[in-house]
Amino acid sequence: MALIKCPECGNAVSDHAESCPSCGFPMAELSSHKETELTCPECGAAISAIDSKCSNCGFPLTKGNDKWTIPKAVFGTAMLIAVVLVIMGIKQLNDPMIDFYIEHIEECKAGIADAEWDKKDTLITLKWDYDYIIQTYKELIEDDTVKMRKLRMKGYALIGIGIVVLLIGAFFPTIIYDSFKNKFRKQ
């Protein structure tokens with residue numbers, strides 16, 4: 001009875017064992033392919049069925065380490081971040097302060113209309129007071145409009161960033177993975 005190395009976890013396992021006691025890797029399958037030569041999926045070099053990595057390029061040969069594992073993890077993380085950002089953006093767009101600013105702007109517009117109407121029917125000396133009231137209402141409208149736009153822009157920005165993060169997570173992990181893979185293969 002000889003001990004062989006489990007290609008999945010690296011622990012010593014009896015060559016008569018049906019599976020690795022540590023990780024459950026099917027050793028019976030391995031013993032039937034012990035002498036079979038396989039090819040590395042990355043570089044095409046001949047490898048043994050019990051090797052845990054390619055001796056030519058170093059590509060990991062354990063199950064679960066396919067070339068999409070890293071991009072899938074990055075995409076999943078990007079998807080989660082994107083969803084959180086979009087939800088935050090939608091919540092920002094539904095902020096009650098935006099409704100308050102809209103109502104306040106409408107009230108100020110009504111105040112301007114009333115002040116202009118009353119200004120027509122007053123003495124010349126009081127017209128300056130109405131001009132001041134009208135100017136104050138206009139400043140309030142401008143201030144509320146700026147605040148409302150900032151809230152809306154923050155919501156749109158969060159949604160836009162969420163979409164960009166999703167796109168980056170969808171397309172760039174495979175590009176980055178392939179560039180790193182090629183870099184390490186050349187070394």
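One can find the structure itself at the top, above this paragraph.
Computed from a prediction, not measured in an experiment: that's the story for all the values here.

Draft legend 1. Looking closely at the overall build of the protein chain. A tally of helices and strands in the protein chain yields four helices and four strands. Going residue by residue from the N terminus, the α and β elements of the protein chain occur as β-β-α-β-β-α-α-α. For the protein chain, buried positions account for 25% of its 187 residues. Looking at the protein chain alone, contacts between residues at least 24 apart form 43% of all its contacts between residues at least 6 apart. Working note: accessible area of the protein chain is about 12900 Å², and carbon and sulfur atoms make up 62% of it.

Draft legend 2. Main features of helix H3 (residues 96–120). Taking 1.5 Å of rise per residue, the 25 residues of H3 would be expected to cover 36 Å, and the 37 Å separating its terminal C-alpha atoms lies within 8% of that figure. All buried positions along H3 are accounted for by Ile98, Tyr101, Ile105, Cys108, Gly111, Ile112 and Ala115. N-capping of H3 is provided by Asp95, with a side-chain oxygen placed 3.0 Å from the backbone N of Met97.

Draft legend 3. A look at the nonpolar core. Ranked by size, the top nonpolar core spans 11 residues in total: Ile98, Tyr101, Ile105, Cys108, Ile112, Ala115, Tyr130, Ile134, Ile141, Met148 and Leu151. For this core, the secondary structure elements donating two or more residues are H3 and helix H4 (124–186). Sort the elements by how many residues they give to this core and H3 lands first, with six residues. For Leu151, the residues in contact, after removing those within four places along its chain, are Gln92, Asp95, Met97, Ile98 and Tyr101.

Draft legend 4. View of a nonpolar patch on the surface. A cluster of nonpolar side chains, contributed by Ile163, Val164, Leu167, Ile168, Phe171 and Phe172, occupies part of the molecular surface with about 570 Å² of accessible area. Tracing the backbone shows Phe172 in helix H4. Phe172 gets classed as partly exposed once you look at its relative accessible area, which sits at 43%.

The rules behind each value
Counting restarts for each chain: residues are numbered from 1 in the order of the written sequence. It should be noted that, the model being predicted, local features are given only for residues of pLDDT at least 70 and side-chain atom pairs only at 80 or more, the latter also being counted only at that level, while totals for whole chains, interfaces and linings use all residues. Computation of side-chain values: all heavy atoms of the structure, hydrogens and water removed. Only DSSP runs of H or I with at least four residues qualify as helices, and only runs of E with at least two residues qualify as strands; both kinds are numbered from the N terminus onward. Relative accessibility under 20% of the residue-type maximum defines a buried residue, over 50% an exposed one, and the middle range a partly exposed one, all with a 1.4 Å probe and only protein chains included. Only heavy atoms enter the contact rule, under which two residues are in contact if any of them lie within 4.5 Å. The accessible surface values rely on the Shrake-Rupley method and a 1.4 Å probe; as for residues, cover is taken only from the protein chains in view. Given a helix with a known number of residues, its expected span is that number minus one, times 1.5 Å. Whenever a nitrogen or oxygen atom comes within 3.5 Å of another N or O atom, the pair is scored as a polar contact, on the condition that within protein one atom can donate a hydrogen and the other can accept it, and that pairs from neighbouring residues in sequence are kept only if both atoms are in side chains. Residues enter a nonpolar core if they are buried and are Ala, Val, Leu, Ile, Met, Phe, Trp, Tyr or Cys, with the set joined through side-chain atoms within 4.5 Å. Here a patch means residues that are over 30% exposed by relative accessible area and free of salt bridges, tied together within 9 Å if like-charged and within 5 Å if nonpolar (Val, Leu, Ile, Met, Phe, Trp, Tyr). Here a salt bridge means any side-chain nitrogen of Lys or Arg lying within 4 Å of a carboxyl oxygen belonging to Asp or Glu.

So yeah, pure geometry; function would need other evidence.
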